[in-house]
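Residue-level structure breakdown
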Amino acid sequence: MDGNGRWAGARGLPRTAGHTEGEENLARLVRVAVTRDIGWLTVFGFSTENWVRPRAEVRHILGLHEKLFGRVAELNELDVRIQWIGRPFDSPEARTPRYVQRAIRKAVADTAHNGGMTLTVAFDYGGRAELMAAVRAARASGEPITEATIGRHLYLPDLPPVDVLVRTSGEHRVSNFLLWQSAGAKIHFCDTPWPDFGAADLDAALELLT
Ligand code: FPP
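To start, this report covers the structure provided alongside it. Small disclaimer: the values here were computed from a predicted structure and weren't measured.

What counts as what
Residues numbered from 1 in each chain as written. Predicted model: local features only at pLDDT ≥ 70, side-chain atom pairs only at ≥ 80, totals over all residues. Heavy atoms only, no water. Salt bridge = Lys/Arg side-chain N within 4 Å of Asp/Glu carboxyl O. Helix = DSSP H or I, 4+ residues; strand = E, 2+ residues; numbered from the N terminus. Buried < 20%, exposed > 50% of the residue type's maximum accessible area, 1.4 Å probe, protein only. Polar contact = N/O pair within 3.5 Å; in protein donor to acceptor, adjacent residues only side chain to side chain. Contact = heavy atoms within 4.5 Å. Near = heavy atom within 4 Å. Areas by Shrake-Rupley, 256 points an atom, 1.4 Å probe, with all protein chains shown as cover. Expected span 1.5 Å × (residues − 1). Arc of directions from axis to C-beta.

1. Some remarks on the pattern of salt bridges
Summed over the entire model, instances satisfying the criterion amount to 17 salt bridges. The salt bridge partner of Asp-124 is Arg-87, with a shortest N-O separation of 2.7 Å. Residue Asp-124 is located in strand S3 (residues 118-125), and its partner Arg-87 is located in the loop between strand S2 (81-85) and helix H5 (98-110); the two are separated by 37 residues in the primary sequence. Exposure class is identical for Asp-124 and Arg-87. Each is buried. The network of salt bridges with shared partners includes Glu-23, Glu-24, Lys-67, Arg-71 and Glu-74.

See the structure below:
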């Protein structure tokens, strides 16, 4: 969801205002996505690399995740199941604060019964960290290291392969997002900054699948 900072800068607003609008836009886009019959939508909310951002910005983004995971009534209304992907809370490197952990656990439990779209939020997530953890877990289990065993030890083994990867705000590079799962994915590039990413942008990305 790139471009929150640039969206705010273009309006003379602080970066945090861009993130606030980014969270609102995610709520709007989830509504659109369910009307397009999308089964799985996964968004990159906060990476393992993002912790080096200024403390006030990090605190603001954490609060927005608490807010997003608090939207249980909306998610239930839309029949959306929310889940989280990231460094397991009990792993030594994990950095998710307890109040965000609580919001995540509650939202995951309170939407688990929904059978519509699955919205997965990546928080304290890095594709390389996930692969390292999967290889370590596969090795510790004594299984041979194969694609199948690594796949079984990913953070969310049931997350299907990525069909379309969307890069917003003019970014033309691979990030540390779902590295294993996005092998072979189509990529949709658009210049729209995340807070303005709407139905037309989503439809343009889905065009790649037809
Ligand atoms: C990318 O824009 C945004 C982030 C790293 C922040 C996280 C995303 C949001 C707050 C959107 C809402 C989502 C959730 C899950 C609460 P940037 O800061 O890199 O902006 P720039 O590329 O213009 O500098």
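Still more to cover.
2. Describing the side chain of Arg-167
Relative to the helices and strands, Arg-167 resides in strand S4 (residues 164-167). Of note is the side chain of Arg-167, whose polar atom sits 2.4 Å from the side chain of Asp-2. Within the local environment of Arg-167, its side chain forms a polar contact with the backbone oxygen of Arg-173, the two atoms lying 2.6 Å apart. Discounting chain neighbours no more than four positions away, the residues touching Arg-167 are Asp-2, Arg-173, Val-174, Ser-175, Ile-187, His-188, Phe-189 and Cys-190.

3. Notes on the site of the ligand
Among the 19 residues in the neighbourhood of the ligand, the closest are listed as Gly-5, Arg-6, Arg-15, Gly-45 and Arg-53. One of the backbone N or O atoms of Asn-4 is found 3.3 Å from an oxygen atom in the ligand. Arg-6 places a polar main-chain atom, nitrogen or oxygen, 2.7 Å from an oxygen atom of the ligand. If the ligand stood free it would expose 610 Å²; the protein chains cover 93% of that surface. Among the secondary structure elements, those contributing two or more residues to the shell around the ligand are helix H1 (4-9), helix H2 (15-35) and helix H3 (55-69). In terms of residue count, H2 provides more of the shell around the ligand than any other element does, five residues in total.

4. Details of helix H6 (residues 127-140)
Given 3.6 residues to a turn, an α-helix orients residues that are three or four positions apart in the same direction. Between its first and last C-alpha, H6 extends 20 Å over 14 residues, near the 20 Å set by a 1.5 Å rise per residue. Three or more residues of H6 are buried, namely Gly-127, Glu-130, Ala-134 and Ala-138. In an axial view of H6, the angular spread of the buried residues amounts to 65°, which keeps them on one side of the axis. Seen from the open side of H6, the exposed residues pointing more than 90 degrees away from its buried face are Arg-128, Arg-139 and Ala-140. Those residues of H6 that are buried lie in contact with S2, S3 and helix H7 (147-152). Phi turns positive, to about 80°, at Gly-142, one or two residues after H6.

These results come straight from atomic positions and should not be treated as a statement about function.
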